[in-house]
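# Secondary and tertiary structure notes
Below are the chains, spelled out letter by letter.
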Amino acid sequence: MAKSLLFLAALCLATVANSQCINPAPRPEIRSLSPEDRGRFFRALNQLRSNGELDRLSRLHVDNADNIHGHPVFLAFHRVFVNDFASALNKVDPGVP
């Protein structure tokens, strides 16, 4: 619990310091991906599942869900969370859209 609260405090500070989103990365809707890009995404996702990174990300979300959902830090948390997820995918395959 203390770890979650520390994470939330850091997130709140980061949100205040970085209140503008400049040049956001495009995140295509999965149904709009070509079959090749969709295959790349699912292969990278399976690799994250195999190496335990998907479990880590899932635990991060579940452990903080009660502290995040319905609270002012919701958008900031999910911005950080989605960026972490995208970074993990890109470490496995830099070509994942």
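For the structure given in this document, a descriptive report is provided here.

Conventions adopted
Residues numbered from 1 in each chain as written. Predicted model: local features only at pLDDT ≥ 70, side-chain atom pairs only at ≥ 80, totals over all residues. Heavy atoms only, no water. Salt bridge = Lys/Arg side-chain N within 4 Å of Asp/Glu carboxyl O. Helix = DSSP H or I, 4+ residues; strand = E, 2+ residues; numbered from the N terminus. Buried < 20%, exposed > 50% of the residue type's maximum accessible area, 1.4 Å probe, protein only. Axes fitted to C-alpha atoms, helices over the stretch in contact; angles between N-to-C directions. Parallel < 35°, antiparallel > 145°, perpendicular 65-115°, else oblique. Contact = heavy atoms within 4.5 Å. Nonpolar A, V, L, I, M, F, W, Y, C, P; charged D, E, K, R; others polar. 1 Å grid on protein atoms, 1.4 Å probe; cavity = no way out; pocket = protein on both sides within 12 Å on 5 of 7 lines; lining within 4 Å. Points joined across faces, edges and corners; volume = space filled by probe spheres on them. Polar contact = N/O pair within 3.5 Å; in protein donor to acceptor, adjacent residues only side chain to side chain.

To continue, consider the pattern of salt bridges. Tallied over the entire structure, the rule returns 3 salt bridges. In this structure, Asp93 engages Arg40 in a salt bridge whose closest nitrogen and oxygen atoms are separated by 2.7 Å. Placement of the pair is Asp93 in the segment after α4 (74-92) and Arg40 in helix α2 (residues 35-51), with a sequence separation of 53 residues. Its relative accessible area of 17% is what places Asp93 among the buried residues.

Running from N to C, helix α3 (residues 53-68) and α4 cross one another at 180 degrees; their axes reach a closest spacing of 11 Å. In terms of axis orientation, α3 runs roughly antiparallel to α4. Here α3 contributes Glu53, Leu54, Leu57, Leu60, His61, Asn64 and Ile68 to the contact with α4, which in turn contributes Phe74, Phe77, His78, Phe81, Asp84, Phe85 and Ala88. Grouping the amino acids of the contact of α3 with α4 by side-chain chemistry returns 9 nonpolar, 3 polar and 2 charged.

The next thing to look at is the layout of surface pockets. Considered as a void within the structure, the largest pocket measures approximately 290 Å³ in volume. In terms of lining, the largest pocket is formed by 14 residues, of which the most central are Arg27, Pro28, Phe41, Leu89 and Pro97. In terms of residue count, α4 provides more of the lining of the largest pocket than any other element does, 5 residues in total.

Right, let's get into the environment of Glu53. Relative to the helices and strands, Glu53 is located in helix α3. Placed 32 residues apart in sequence, Glu53 and Phe85 show a C-alpha to C-alpha distance of 9.0 Å. Setting aside chain neighbours within four positions, we find Glu53 in contact with Leu48 and Ala88. A distance of 2.7 Å separates a polar atom in the side chain of Glu53 from a polar atom in the side chain of Arg56.

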